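Listed below, chain by chain, are the residues.
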Amino acid sequence: MPNVVVVGAQWGDEGKGKVVDLLTQHAQVVVRFQGGNNAGHTLVVGGQKTVLHLIPSGILHSGKTCVIGNGVVVDPSVLVEEIDALKERGFLKDDAQLVVSDNAHVIFPWHKLVDAYREKARGGSAIGTTGRGIGPAYEDKVARRGIRVRDLLHPERLRKRIDERLPAVRDELRELCRAAGEECPELDAARYHEEFSALGERLRPYVTDASLYLAGQVQRGARILFEGAQGTLLDVDHGTYPFVTSSNCVAGNAAVGSGLGPTTIDKVMGISKAYTTRVGGGPFPTELLDEVGDQLRKVGDEFGATTGRPRRCGWLDGVVLRYAARVNGLWGLALTKLDVLSGLKTLHICTAYELDGKRVTELPGDYEDLARVKPLYETLPGWDDKLAGVRDFDELPENARRYVRRVEEISGVPVTCVSVGADRGETVLLQNPFRS
């Protein structure tokens, strides 16, 4: 049975949650393999909006198992709130529907404080983090001083881990607060121990060896859907560093972040908006600082699901898409928010850049070079028709079909799914990745 990875092919916010929700009906297991609650996947089913930050988007389907893999950093309080909110709405009726890796690392309050004060210290060169403590938690993981979900289930071990970590955190926070001219917040070890021991007990029914669980699912032939967070250009190795997240967002990390071998992955589906958006700092060649950019933001409701921050908007960047296709090994591309382009008389797609007077067709590896490029556009005619009722590709206006086909040619990847609205039903699936 094929196993499929879904990844963002831009700077995140591409509509991965909607596509994962759509594809979950063809899978038995859905896995989050990286990131944390800095991700916000928005789902609209029957007009009802759900925003998920940690639990995979497949949780709205009954009878499916959702796994939070070892590659995720988990804020237990956020996870418990998410579980409770889903149960109140009639979802997650069976605790067996959710599996949390015992090897996932935990976000503590001090991670959020360090995150916030570091951003203040950066001033005008701030990265634009969500302030959720994601980076400092991954930093502790790599430095081999992190606290894992398994530690929450053993109170004495947890007390020891907290007591070992806090002295160094206090020292760093004092320096950061002194630089900011602010009073240093108190770090209460006893309160943290009590609070996180209680959270560990709440999560105990879900915590297990997720790698072993998934291996068993593979052995019995279950179809597995891996749900990426953020996007390719935010990958810590392959993104526009240093304006990136703190984890690997590309498809190759699906194996590492879930505890399965790479040979278990069969197809990779990239998700791209029909235009481009970005949140936070960093280069954005096709950004529109005009009324068209404002229109895309307004019509597309381009405000972060996690932070509420307005997204930067611009024309579709074909150079970025080709890069994403290469580093992820994309099998197909889902093009979301095509409906947002309705009403624009003329559309533009960036096909290359100009850098120091030369035409460049590949993404520059240096973000400072990327910040200097001039996008080279191809112009296509727009369309006026609303797309909300479209359920078949041939029902799209001719110019919309022409736009989609040109995206295929520029990216080198077939468009296998087109989204024409926010609701689950407003999607045209041209090719199902779970079928040969």
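Details of the structure are given in the entry above.
Quick caveat, the model's predicted, so the values are computed rather than measured.

Peer 1: Looking at this structure, I do not really get the pattern of salt bridges. What am I missing?
Peer 2: Opposite charge on two side chains permits pairing when their charged atoms draw close. Inspection of the entire model under this criterion finds 33 salt bridges. Between Arg174 and Asp171 there is a salt bridge, with the nearest N and O atoms lying 2.5 Å from each other. Here Arg174 and its partner Asp171 are both found in helix α6 (residues 155–180), three residues apart, which amounts to about one turn of the helix. Between Glu195 and Arg191 there is a salt bridge, and its shortest N-O distance comes to 3.5 Å. In this pair, Glu195 and Arg191 both sit in helix α7 (residues 189–203), four residues apart, roughly one turn of the helix. Take Arg191: its relative accessible area is 40%, and that puts it in the partly exposed class. Taken together, the shared-partner salt bridges in this structure form one network comprising Arg118, Glu139, Asp140, Arg145, Arg165 and Glu172.

Peer 1: Please explain α7 as it appears in this structure.
Peer 2: Since the α-helix advances by 3.6 residues per turn, residues separated by three or four positions end up pointing in the same direction. With 15 residues, α7 extends 21 Å from end C-alpha to end C-alpha; this agrees with the ideal 21 Å at 1.5 Å per step. All of the buried residues along α7 are Ala189, Tyr192, His193, Phe196, Ser197, Leu199, Gly200 and Leu203. Seen from one end, α7 has its buried residues packed into an arc of 165°, which puts them on one side. Within α7, the exposed residues directed more than 90 degrees away from the buried face are Ala190 and Glu194. At the N-terminal end of α7, a side-chain oxygen is found 3.1 Å from the backbone nitrogen of Ala190, two or three residues along, and the residue is Asp188.

Peer 1: In this structure, what is going on with the packing of aromatic side chains? I would like to understand it.
Peer 2: Pairs of aromatic rings are described using the distance from one ring centre to the other and the angle between the two planes. All told, the structure shown has six aromatic pairs when counted by the stated rule. Note on Trp11 and Phe284: the rings are 5.6 Å apart at their centroids and 50° apart in plane angle, and the pair reads as tilted. Here Trp11 is found in the loop between β1 (4–8) and α1 (16–23), whereas its partner Phe284 is found in the loop between β12 (276–278) and α10 (291–299), with 273 residues between them in sequence. With respect to class, Trp11 is no different from Phe284; both count as buried. When the centroid spacing of 5.4 Å and the interplanar angle of 70° are considered together, the rings of Phe243 and Tyr367 count as edge-to-face. Separated by 124 residues along the polypeptide, Phe243 in the loop between β10 (224–227) and α9 (253–256) and Tyr367 in helix α12 (residues 367–370) bring together distant segments of the chain. Its relative accessible area of 14% is what places Phe243 among the buried residues. The exposure class of Tyr367 is partly exposed, given its relative accessible area of 28%. What links up through ring pairs into an aromatic cluster is the set Phe108, Trp110, Tyr192 and Phe196.

Peer 1: Before we go on, may I ask you to explain unusual backbone geometry in this structure?
Peer 2: Both trends apply: most residues other than glycine have a negative phi, and most peptide bonds are in trans. The residue after Tyr241, namely Pro242, is reached through a cis peptide bond having omega 10°. Here Leu92, not a glycine, exhibits a phi torsion of approximately 50°, which is positive. Within the fold, Leu92 resides in the loop between α2 (76–88) and β7 (98–101). On the accessibility criterion, Leu92 (3% relative accessible area) is buried.

Peer 1: What is the right way to look at the environment of Ile147 in this model?
Peer 2: Here Ile147 shows up in the loop between α4 (134–142) and α5 (149–152). For Ile147, a relative accessible area of 4% corresponds to the buried category. For the pair formed by Ile147 and Lys298, sequence separation is 151 residues and the distance between their alpha carbons is 41 Å.

Peer 1: Whenever I open this one, the side chain of Gln230 confuses me. Can you help?
Peer 2: Summarising the element assignment, Gln230 is placed in the loop between β10 and α9. The exposure class of Gln230 is buried, given its relative accessible area of 9%. Engagement of the side chain of Gln230 in a polar contact is seen with the side chain of Asn38, the distance being 3.1 Å. Not counting the four nearest positions on each side in its chain, Gln230 is found in contact with Gly8, Gly12, Glu14, Lys16, Gln34, Gly35, Asn38, Ala39, Thr245, Ser247 and Cys249.

Conventions used here
- Residues numbered from 1 in each chain as written.
- Predicted model: local features only at pLDDT ≥ 70, side-chain atom pairs only at ≥ 80, totals over all residues.
- Heavy atoms only, no water.
- Salt bridge = Lys/Arg side-chain N within 4 Å of Asp/Glu carboxyl O.
- Helix = DSSP H or I, 4+ residues; strand = E, 2+ residues; numbered from the N terminus.
- Buried < 20%, exposed > 50% of the residue type's maximum accessible area, 1.4 Å probe, protein only.
- Expected span 1.5 Å × (residues − 1).
- Arc of directions from axis to C-beta.
- Polar contact = N/O pair within 3.5 Å; in protein donor to acceptor, adjacent residues only side chain to side chain.
- Phe/Tyr/Trp six-rings, centres within 6.5 Å; stacked < 30°, edge-to-face > 60°.
- Contact = heavy atoms within 4.5 Å.

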